Each structure stands twice: as C-alpha cells, then as structure tokens.
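Observations on chain architecture
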Amino acid sequence: MSKIQIPPIPLAERARPKTVNEFQGQHQLFDPGKPIRLMIEKDSLSSFILWGPPGSGKTTIAKIIANQTNSDFHQINAVSSGVKEVRAIIEIANLNRIQNKKTILFIDEIHRFNKGQQDALLNAVESGLIILIGATTENPSFEIISALRSRTRIFVLEPLTKQDLQNILDFALQKDEFLSTLKINEIDVDFLIFLSGGDARVMLNILEAAITQEIEHQPININKAVLENVIQKKNTLYDKSGEEHYNVISAFIKSVRGSDPDAALYWLARMLEGGEDPLFIARRLVVLASEDIGNASPNALVLAEAAFSAIDKIGMPEARIILAQCTTYLAASPKSNSSYWGIENAISDVRGKALYPVPLHLRNAPTKLMKEVGYSKGYKYPHEFDNHFIDEDYFPKELKQSQYYFPTEIGQEKKLKDWLKFLWKNKKKY
C-alpha cells in the first residue's frame, strides 16, 4: 500500500470559508441585515476593527471581504511589518484611486503596532484612501490609539459556540477534497470541541494531527484516546467552549469582588494554564482596585498598578506569583464602590441637565481684563483658614449642595467620611 500524501496546506486554511453563506458564527455581524454582511453584499465598505478571541473568524472575515468585494486587497501582520510596508500600500492605493478602485489593508494583530506605526495610518484612513480592517485579540480601548479608533468602527466577535464549532467541523469534513477521500469511521466530536477551547483553528489543527497519526489505519477512528495522545495536555486546558474566556475572567473578577481569595486563585489558575495573557488579567485587576475597593483600601490601586508594571517587565512563568499576590490582596481587602457610583452620579447630571456656567469666583484670572470683569473675585484660599478648609460653594448655583460621593464606613474610607463630615457639618453632608 502506497503512503498517503498529506496536503502541505493546513486543514484550517483549506477549509476556510470563502463566502458569506459559508461563514459560521458571529450572527450579530453576519446574519441577514447585520452590519458586516450588509457591507459585503452592498460592496460598501468602511474601516473597522475586529476584536475577538483567537480562532473566532477575524482573518476569515477579511478574506471573505477580499473574495466578494471589488477591491485591491493587501494583508500584513503587525508582528513582522511596519511603516515601510504601510507606506508602500498607501502608494498603491493612490494609483488605485486614479482608476476608481478601492484598496483594503488588512492588518492582523494590529495591537502590535506602536503609536507611531498607528499614526502612519491616520490620514489614509480618514481620507478613505485605504479601507482598514484591523484584527486584534486585545481591547482596542487600551491597544489602539484614540485617533485611529475614532476613524473606525469596532466590531466585537463573540467566542464560537459549540454549535458553531460543530458546523465548522462538518463543513471541513464535507468540503475538503483530501478528507473526502478518507474513510473516517468515528470522531469524538464533543471531546474534540472541548480540546479546542472554542478556537476553530485549534480544533481543525488537532483533527488534522489526529488523522495524520492514524492515517495508515483506515477506517480511521478519532476517539478520545487518540485525541489525548495528540495534545498531551488533557489536564491543563482552558475550556473556552464551556467556561469560555469571557466567562472565566468574569468568574475571576466576581470572586475577587466577593472577597473569596481561594475561588479567585482557582479561576486565575484556569486562565494561566490555558495560556491567557497575564497582562490582560492584570489590567482587569487595576480597574477592580478602583471600582470595587477604592478608598476603603487606597493601597489596592497602588499594588495593582505595581503588579501590572512588574508583569510587563518579567513575564511568565514568574508573573503567576505576582498575579497571585495581587489577587489575594485585592480579594482580602475591604470593599467600596463609592468612587464608582460618585462619578456615575456626576456624569448622569452632566448628561441630563444643562451645562451651568462656572461661578466667577472659581474662574482663573490670568489677565487684567478677566480680573476687571470679576473672574476669581471673592475666592477664598483654603490654606489660609483653620484645618486648611473654608465652607465654600464650589458648584454652579443651580446644583448647590449636590452630593455624588457617599463614602462607606469600611476600612480607610471611614476615616475619610469622618473627616468630611467634620468639615462640612454646616451643610450636613456625608
């Protein structure tokens, strides 16, 4: 029997959908009437960023757009490309514009571009010279500069469901010419999907590796034992198809917020063993330190920021220790969300009420004219009074004596509350 030749192109690439109708998942973007489907069907594209977990379809979406729209399509990876490549494509785009042809630039892992590299895209994107499609696994709010975000739409890709992965698997088995020539008797689909962690590319890679391992034993049986032998990591999986990426980070944050360091460490271990970016976890802890602990333990934010910086410098595996220290400290800290609700309450008034003028006595008066019209007149300098405090009105008169911050009597915040209550006793605040 002659040896069966495995195709050189990976199955995940061979089975990649080429049309809108072949695409599985991301129903919020691809169902009839949804934004990306409409852009493709109408061939009316605008720049956008795709933000989602690995294997959720970002590159596939870009390639479908390349196949189904009348555009000149260019793809680069931010890891290996830079401003030089971007400028070369912009030059091509200038020539295309003369011929009334659109130019699409797809940048995979766009979060790897630094600020200067992202700045190089701004004029071309704003003028419509290029249609930018960026793909990232990182939160664009942190990794994409605001100027570029303001010129693009952000589409959030959800983790693929079990049914999405089943459909992708069925499509590969039916459409791939090589697989259709094999006699595959059995596939433990549930376990294969479990092993994939919700990543379609990983699922197809595991399947292909299992088939390669068993190809001389037709009919082929891809059972649990075969799959376990392929991956060699059955006990350290990040099961994104069950407790997927977003659910696990949610469980982690809620455990810290709920003052349960043990549960928090469990979810932390789940993420680290699954290969989660430790900086992603550290970022969430920085937010939690203010949102859920705040002034009840101000050192929480200091430690969280120090942990983020240390993890950025050190990396794994040592970063796990820093994350564990930060996690247990935050979980064990007294909790207060008064600062969070304080800014929410203030924003509610700013959005829902008129923007009242700044009282004259609170305005700066750097010029003689400003002083003559009353700017800064009557302002009392608190440091000249007892306790470095003066009972003064700092609000517009229409919002006089409003209160947004309601400190708790927990931890360090109780001391702040008592002091504020002493200072503002005449207004009966706090």
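Residues numbered from 1 in each chain as written. Predicted model: local features only at pLDDT ≥ 70, side-chain atom pairs only at ≥ 80, totals over all residues. Heavy atoms only, no water.

What follows is about unusual backbone geometry. In the segment running from Met316 into Pro317, the intervening peptide bond is cis, with an omega of 5 degrees. Tracing the backbone through its elements, the reader meets Pro317 in the loop between helix H18 (299-314) and helix H19 (319-332). In the Ramachandran plot, Ser259 falls in the positive-phi region, its phi being about 60 degrees despite a non-glycine side chain. Along the chain, the position of Ser259 falls in the loop between helix H15 (245-257) and helix H16 (261-273). The residue His388 is not glycine, and still its phi comes out positive at about 55 degrees. (Helix = DSSP H or I, 4+ residues; strand = E, 2+ residues; numbered from the N terminus.)

We now examine the pairing of strand S4 (residues 131-136). With respect to burial, S4 is a largely interior element, six of its six residues being buried. Side chains Ile131, Ile133 and Ala135 of S4 all project onto a buried face; the interleaved residues Leu132, Gly134 and Thr136 project onto the opposite face, where all are buried too. Here strand S1 (residues 48-51) pairs with S4 via four bridges, running parallel. Opposite Ile49, over in S4, you have Gly134 as the bridge partner. Here five bridges tie strand S3 (residues 102-108) to S4, and the two strands are oriented parallel to one another. Along S4, the bridge assignment pairs Leu105 with Leu132. (Buried < 20%, exposed > 50% of the residue type's maximum accessible area, 1.4 Å probe, protein only. Pairing = 2+ DSSP bridges.)

In this section: empty space enclosed by the protein. Considering all chains together, one arrives at one cavity of 30 Å³ or more under this definition. Considered as a void within the structure, the largest cavity measures approximately 40 Å³ in volume. Taken together, Ile6, Leu11, Arg14, Phe178, Leu179, Glu208, Ile211 and Thr212 make up the lining of the largest cavity. For the lining of the largest cavity, the elements supplying multiple residues, two or more each, are helix H1 (11-14), helix H11 (177-180) and helix H13 (200-214). Top element by residues in the lining of the largest cavity is H13. It accounts for three residues. Among the residues making up the lining of the largest cavity, the classes are represented as five nonpolar, one polar and two charged. (1 Å grid on protein atoms, 1.4 Å probe; cavity = no way out; pocket = protein on both sides within 12 Å on 5 of 7 lines; lining within 4 Å. Points joined across faces, edges and corners; volume = space filled by probe spheres on them. Nonpolar A, V, L, I, M, F, W, Y, C, P; charged D, E, K, R; others polar.)

Turning next to the confidence of the model for the protein. Residues at a pLDDT of 70 or more form 96% of the protein, whose mean pLDDT is 87. For the stretch residues 239-243, pLDDT sits under 50, and the model shows 14 contacts to residues farther than four places along the chain or on other chains. (pLDDT = per-residue confidence, 0-100. Contact = heavy atoms within 4.5 Å.)

One can find Asp108 in strand S3. Buried charge without a partner: Asp108 forms no salt bridge, and the closest opposite charge is Arg201, 6.2 Å away. (Lys, Arg positive; Asp, Glu negative; His and termini not counted. Salt bridge = Lys/Arg side-chain N within 4 Å of Asp/Glu carboxyl O.)

Counted according to the given criterion, the structure contains 18 salt bridges. The salt bridge involving Arg14 is made with Asp176; its shortest N-O contact spans 2.7 Å. Taken together, the residues span a long stretch of sequence, with Arg14 in helix H1 and Asp176 in the loop between helix H10 (162-175) and H11 at a distance of 162 residues. Between Asp393 and Lys400 there is a salt bridge; the shortest N-O distance is 3.8 Å. For Asp393, a relative accessible area of 28% corresponds to the partly exposed category. Through salt bridges with shared partners, a single ionic network connects Glu13, Arg16 and Lys63.

The interhelical angle for the contact between helix H12 (residues 189-196) and H13, taken along N-to-C directions, is 125 degrees, at an axis separation of 8 Å. Viewed along their axes, H12 and H13 adopt a mutual orientation that is oblique. The two elements H12 and H13 cross, and the hand of that crossing is right-handed. Residue-level contacts link Leu192, Ile193, Leu195 and Ser196 of H12 to Val202, Met203, Ile206 and Leu207 of H13. The residue makeup of the contact of H12 with H13, split by class, is seven nonpolar, one polar and no charged. (Axes fitted to C-alpha atoms, helices over the stretch in contact; angles between N-to-C directions. Parallel < 35°, antiparallel > 145°, perpendicular 65-115°, else oblique. Left-handed = near helix turned anticlockwise from the far one by under 90°.)

The next subject is the sheet that holds strand S2 (residues 71-77). With parallel pairing, the five strands of this open sheet are ordered in space as S2-S3-S4-S1-S5. Edge positions in the sheet fall to S2 and strand S5 (153-156), since each of these pairs with one other strand and no more. Direction aside, neighbouring strands of the sheet carry axes that sit 15 degrees apart on average. Packing of helix H4 (residues 58-68) onto the sheet brings it into contact with S1, S2, S3 and S4, and relative to S3 it is tilted by some 165 degrees. Packed onto the sheet, helix H5 (residues 83-98) meets S2 and S3 and runs at close to 180 degrees relative to S2.

Here we come to the packing of aromatic side chains. Evaluated as defined, the whole model comprises nine aromatic pairs. Ring centres of Phe191 and Phe194 lie 5.8 Å apart, and the angle between their planes is 25 degrees; on these two criteria the pair is classed as stacked. Of this pair, Phe191 and Phe194 both sit in helix H12, three residues apart, which is roughly one turn of that helix. Given the relative accessible area of 12%, Phe191 is considered buried. Directly above the aromatic system of Phe191 lies the positively charged group of Lys224, at a separation of 5.1 Å from the ring centroid. Geometry around Phe422 places Lys425 over its ring, the cationic atom sitting 4.3 Å from the centre. (Phe/Tyr/Trp six-rings, centres within 6.5 Å; stacked < 30°, edge-to-face > 60°. Lys NZ or Arg CZ within 6 Å of the ring centre and 35° of its normal.)

Here we take up the nonpolar core. General note: in soluble globular proteins, nonpolar side chains tend to be found buried as a group. Judged by nonpolar contacts, the single largest core of 30 residues is most densely connected at Phe252, Val256, Ile281, Ile311, Leu323 and Leu330. By residue number, the principal contributor to this core is helix H17 (residues 278-293), which donates nine residues. What Val256 contacts, discounting residues up to four positions off in sequence, is Ala264, Leu288, Thr327, Leu330, Ala331 and Lys335. Judged by nonpolar contacts, the second largest core, of 29 residues, contains Ala15, Ile193, Ile206 and Ile220. (Core = buried A, V, L, I, M, F, W, Y, C linked by side-chain atoms within 4.5 Å.)

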